Amino acid sequence: VRKTGERRLGVDPKTGKPVFVRIGRYGPLAQLGESNPDPNAGDNEKPKFAGLRKDQRLETVTLEEALELFKLPRNLGKYEGHDVVVAIGRFGPYIRHQSAFYSLKKDVDDPFTIELPRAIERIEEKKEADRKKVIKTFKEEPELRVLNGRWGPYISYKKENYKIPKKSDPEALSLEDCLKIIEGGKGKSKARPSRKK
């Protein structure tokens, strides 16, 4: 065992390639195949990597469990004419559909077992939440939006957020009203834009 905690678990029966687990740049991972330093060698295929699940440990994970990890990404089928793919990224499991990403619900959705109907449900839930989040936009100033946030309605403009005065109706705000609130800058909101996953 090296500093990376590397363990050889065995060989993948399908490919005949060795399977290791070790610490990678973003945490514990499984590796299928070896990097070959000799460019003249017959097998120049790069190894595959898959992050370990949260309940798995380098010391105890088995060959069978490690091989399961390489079943992702999984293509679940099509929705609205486009592929629905489930995978695990740096920030956890997600669904990819039409270049958009939708995170899976923690402790509810398993990327290894989720099926197409549930994935479509998650896509629509996120789209609906996004629709509810946007109160108003302006064609003349596309960077300015009136949004629903965790702490109430606010104005988002050029990566800054501005609190809307309580007496103002967010839906009735004109572009001019929004610009006045921004210029006043009194109530710069503590709300931060949600991190994209």
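Up top is the structure.
The rules behind each value
Note on numbering: residues in each chain are counted from 1, in written sequence order. Reporting of local features is limited, given that this is a predicted model, to residues whose pLDDT is at least 70; pairs of side-chain atoms are given and counted only at 80 or more, and all residues count toward the totals for whole chains, interfaces and linings. As a rule here, side-chain values cover all heavy atoms of the structure and leave hydrogens and water aside. Here a strand is any run of E in DSSP of at least two residues, a helix any run of H or I of at least four, and the numbering for each starts at the N terminus. The buried label applies to any residue whose accessible area, calculated with a 1.4 Å probe on protein chains only, is under 20% of its type's maximum; exposed applies above 50%, and partly exposed to all values in between. Here the arc refers to the directions that run from the helix axis out to each C-beta atom. Contacts are assigned to residue pairs with any non-hydrogen atoms lying within 4.5 Å of each other. What makes two strands pair is DSSP finding at least two bridges between them. To define axes, lines are fitted to C-alpha atoms, for helices over the stretch in contact only, and angles between the resulting N-to-C directions are given on a 0 to 180 degree scale.

*Asks:* Could you give an account of the overall build of the protein, with specific residues and numbers?
*Replies:* The helix and strand tally for the protein stands at three helices and 12 strands. A total of 197 residues make up the protein; the buried ones form 37% of that total.

*Asks:* Could you give an account of helix α3 (residues 175–184), with specific residues and numbers?
*Replies:* Buried within α3 are the following residues: Leu175, Cys178, Ile181 and Ile182. Within α3, the buried residues cover an arc of 125° as seen down the axis, which keeps them to one side. Those residues of α3 that are exposed and aimed more than 90 degrees away from the buried face are Glu176, Lys180 and Glu183. Along its buried surface, α3 packs onto β10 (145–149), β11 (152–157) and β12 (160–163). Remark: Gly185 follows α3 within two positions and exhibits a positive phi of approximately 55°.

*Asks:* Summarise the sheet that holds strand β1 (residues 7–11); cite the residues concerned and give the values.
*Replies:* Across the sheet, four strands lie side by side as β1-β2-β3-β4; this open sheet has antiparallel pairing. The sheet is open, and its two borders are formed by β1 and β4 (48–51), each paired with just one other strand. The average angle at which neighbouring strand axes cross in this sheet is 25°, direction not considered. In this sheet, strand β2 (residues 18–24) lies alongside β1 in antiparallel orientation, the contact comprising four bridges. Within the sheet, the bridge partner assigned to Arg7 lies in β2 and is Val21.

*Asks:* Which residues make up unusual backbone geometry, and what are the values?
*Replies:* Excluding glycine, residues mostly have negative phi values, and the peptide bonds linking residues are mostly trans. Residue Pro73 is reached from Leu72 by a cis peptide bond, and omega for that bond is -5°. Within the fold, Pro73 resides in the loop between α1 (63–69) and β5 (74–79). Even without being a glycine, Lys158 presents a positive backbone phi close to 50°. Within the secondary structure, Lys158 is located in the loop between β11 and β12. The phi angle at Lys159 is positive, at roughly 65°, despite the residue not being glycine. Position of Lys159 relative to the elements: it lies in the loop between β11 and β12. Here Lys159 falls in the exposed class, since its relative accessible area comes to 82%.

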